[in-house]
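Below, each chain spelled out in residue letters.
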Amino acid sequence: MAALSGLCSSSPSLKPKHDRVVIPLFRKYSLAFPTRSNSCSKLSVAGEVSADLSKTNSVGVLKKAKQGGLEKDPKALWRRYVDWLYQHKELGLYLDVSRIGFSDEFVAEMEPRFHAAFQAIEDLEKGAIANPDEGRMVGHYWLRNAKLAPKPFLQVQIEKTLDAICKFADDVISGKIKPPSSPEGRFTQILSVGIGGSALGPQFVAEALAPDNPPLKIRFIDNTDPGGIDHQIAQLGPELASTLVIVISKSGGTPETRNGLLEVQKAFREAGLDFSKQGVAITQENSLLDNTARIEGWVARFPMFDWVGGRTSEMSAGIDIREMLVGASMMDNATRSSVLKDNPAALLALCWYWACDGVGSKDMVILPYKDSLLLFSRYLQQLVMESLGKEFDLDGNRVNQGISVYGNKGSTDQHAYIQQLREGVHNFFVTFIEVLRDRPPGHDWELEPGVTCGDYLFGMLQGTRSALYANDRESVTVTVQEVTPRSVGALVALYERAVGLYASLVNINAYHQPGVEAGKKAAGEVLALQKRVLAVLNEASCKDPVEPLTLEEVAERCHAPEDIEMIYKIIEHMAANDRALIAEGDCGSPNSLKVFLGECNLDELYA
Ligand SMILES: O=P(O)(O)OC[C@H]1O[C@H](O)[C@H](O)[C@@H](O)[C@@H]1O
């Protein structure tokens, strides 16, 4: 989909400007912010850790080392910075972990765990069933290097899909594939319908990489909120006739996505348009969505593979950008290293383990200082929380693992919640994402002597990093030269691998999501109950005279007295949407309510 908005076109390749990183002036900035005495924060860190470590953590040195507090001597910090600085020359990407306080002892003690984690990832890449509950291989790494796929037919499948997507994108952009009844004679808009991993990745990439004036503009329907859906369709207006609707769902049966599709199809019907001439499906072969698209003869169908999880499907069909794949593949190569200091994903996993005590005791705050990376935190929220948030470990022990992720962007957040990060409850560590290039060359100007707009953003990032550290708030900094398809691909791959390694460190399955099913099942039960409520109300409303019912009567006739609260919520919702009428009382006093339906449906009554 991003390919269709002009992202498939090759972008200038990244050339690192220098081999050595420009060192942030942390000393200068830390002088600018008042610092608290160390002893105070040392105490609080030690206290938090001892409580959490008693749960599951076996890394004894973690507790001991944390009691030491963070390094504050500027010279020692500088040595630590240089010592631990990771650089990927070709990608122009740096990772600074110096503001995470792990000790050498901790690193040594973690070594055997990393050994096992590296081995697990190697096995995964070779096609092991790395998702044991679902009996599936985990192959998102093959998408950016098909030769790695363990079977030749998988290699062919990946390459063929990639070629087909790129060709389709070219044909749409050039107007070779066009909508039947658009005055423009070509597609001008994309409406993407999908949720979770089938929305967050495309949204992030579209926000990060779409050019100012893309050949096709992208909109998203990523919820079953009728108001939101109506808004997207209304904004398209007459351009619905030149909208390519891309429906993305790996399973092909997600209700929110199905609802979005049905709503969009209704809008097409009402506008006198033939949806099948403008619809594209991206889904597993033979899924409900795939079969629908095939039978209805949609414009195109592209496969999503069984061995790619939704949240790691960023590089699969739909987001076909060869440059992104190159960036991801380069990062994959780097993160295969079994030398900790040479492996940025392992360094990240190490920092997470240290900062969160291996039990998720701290939240991960993602702060990109670049508007176009705004959605990176939302994207990572799913990748990290759905992968790591698990009740049981691989041996069946209850561990309730996870790391909470939130964030928006700097310096905007400076004016929102950074106050609490600096001074309030100490339950987080920060990841700064720094982008060195402010603007394309030749566009910069000094809005005051010696200072550009971008210098302010840079100052805010460095100042915040220093001010937080001065108050014992740890941080990681990832630096890229520019936001390009290549660097975005590299960032995605970096975090995918870090999540995989961290999952091994804490012995959980990162590739399934059993908890999501519970909510979906419960939602299904609510809708089934609603149908029974409607039938009971319909029967009472078909009487002459109409018999308004109390909540208790409805619950009894539904044979669900224990569900009276849910029945109340169903009726409240129906009343707010004029689908149930209130005869007596009001929703503020549930026991006073008497309800009926405005119309009697005889067909249903005798069905
Ligand atoms: O792509 P779909 O099959 O429609 O799934 C969409 C989403 O559904 C579930 O909520 C899963 O937990 C997500 O991982 C997935 O991305």
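Residues numbered from 1 in each chain as written. Predicted model: local features only at pLDDT ≥ 70, side-chain atom pairs only at ≥ 80, totals over all residues. Heavy atoms only, no water.

**A few points about the site of the ligand**
At step 1: Among the 14 residues in the neighbourhood of the ligand, the closest are listed as Gly197, Ser198, Ser249, Thr254 and Glu386.
At step 2: In this structure, serine 198 approaches the ligand through a side-chain N or O atom, which is 2.6 Å from an oxygen atom.
At step 3: Considering only residue class, the shell around the ligand consists of 2 nonpolar, 8 polar and 4 charged. (Near = heavy atom within 4 Å. Polar contact = N/O pair within 3.5 Å; in protein donor to acceptor, adjacent residues only side chain to side chain. Nonpolar A, V, L, I, M, F, W, Y, C, P; charged D, E, K, R; others polar.)

**Topic: the packing of aromatic side chains**
At step 1: Evaluated as defined, the whole model comprises 17 aromatic pairs.
At step 2: Residues phenylalanine 168 and phenylalanine 302 carry aromatic rings whose centres are separated by 5.4 Å and whose planes lie at 65° to one another, so their mutual orientation is edge-to-face. With phenylalanine 168 in helix H6 (residues 152-174) and phenylalanine 302 in strand S7 (residues 300-303), the pair connects residues that are 134 residues apart, well separated along the chain.
At step 3: You can call phenylalanine 168 buried: its relative accessible area is 9%. (Phe/Tyr/Trp six-rings, centres within 6.5 Å; stacked < 30°, edge-to-face > 60°. Helix = DSSP H or I, 4+ residues; strand = E, 2+ residues; numbered from the N terminus. Buried < 20%, exposed > 50% of the residue type's maximum accessible area, 1.4 Å probe, protein only.)

**Some details on the packing of helix H7 (residues 200-209) against helix H16 (residues 485-505)**
Two packed helices can be described by the angle between their axes and the distance between those axes.
At step 1: Interhelical geometry of H7 versus H16 gives an angle of 145° and a closest axis separation of 10 Å. The two elements H7 and H16 cross, and the hand of that crossing is right-handed. Note on element contacts: H16 touches H7 through Pro485, Val488 and Val492, opposite Phe204, Val205, Ala208 and Leu209.
At step 2: Residue composition of the contact of H7 with H16, grouped by class: 7 nonpolar, no polar and no charged. (Axes fitted to C-alpha atoms, helices over the stretch in contact; angles between N-to-C directions. Left-handed = near helix turned anticlockwise from the far one by under 90°. Contact = heavy atoms within 4.5 Å.)

**What about helix H9 (residues 255-270)?**
At step 1: Helix length check: H9 (16 residues) gives 22 Å between terminal C-alpha atoms against 22 Å at 1.5 Å per residue, within 8%.
At step 2: Listed as buried for H9 are Thr257, Gly260, Leu261, Val264, Gln265, Ala267 and Phe268. Axial view of H9: buried residues confined to an arc of 155°, hence all on one face. For H9, exposure combined with an orientation more than 90 degrees from the buried face picks out Arg269 and Glu270.
At step 3: Those residues of H9 that are buried are in contact with strand S3 (189-193), strand S4 (217-221), helix H8 (226-236), strand S5 (243-249) and helix H10 (288-296).
At step 4: Directly beyond the C-terminal end of H9, a positive phi value near 70° is found at glycine 272. (Expected span 1.5 Å × (residues − 1). Arc of directions from axis to C-beta.)

**As for the state of the cysteines**
At step 1: Applying the stated rule across the entire model yields 1 disulfide.
At step 2: A sulfur-sulfur separation of 2.0 Å characterises the disulfide bridge that pairs cysteine 542 with cysteine 600. Around the S-S axis, the bridge from cysteine 542 to cysteine 600 shows a dihedral of about 100° and counts as right-handed. Linking cysteine 542 in the loop between helix H17 (514-541) and helix H18 (551-557) with cysteine 600 in the loop between strand S15 (594-596) and helix H20 (602-605), this pair joins segments that are 58 residues apart in sequence.
At step 3: Classification of cysteine 600 as partly exposed rests on a relative accessible area of 33%. (Disulfide = S-S within 2.5 Å.)

**Here's the deal with the confidence of the model for the protein**
At step 1: Across the protein, pLDDT averages 87, with 87% of residues at or above 70.
At step 2: Contacts for the low-pLDDT stretch residues 6-56, under 50 throughout, to residues beyond four places or in other chains number 90 contacts.
At step 3: Across the assembled chains, the prediction reports ipTM 0.98 with pTM 0.83. (pLDDT = per-residue confidence, 0-100.)

**Describing helix H5 (residues 104-125)**
At step 1: Given a rise of 1.5 Å per residue, 22 residues ought to cover 32 Å, and the 30 Å separating the end C-alpha atoms of H5 matches this to within 8%.
At step 2: Maximal helix bending in H5 amounts to about 45°, located at glutamate 111; proline proline 112 follows within four positions.
At step 3: Where H5 is concerned, the buried positions are Phe106, Val107, Met110, Phe114, Ala117, Phe118, Ile121, Leu124 and Glu125.
At step 4: Once H5 finishes, glycine 127 follows within two positions and takes phi at roughly 105°, a positive value. (Bend = angle between axes of the 7 residues up to and from the residue.)

**Comments concerning the domain arrangement of the protein**
At step 1: Examined at the domain level, the protein breaks down into domain 1 (74-137 + 322-440 + 473-512), domain 2 (142-308) and domain 3 (515-604).
At step 2: Placing the centre of domain 1 and that of domain 3 at their C-alpha centroids yields a distance of 48 Å. (Domains from an automatic or database assignment.)

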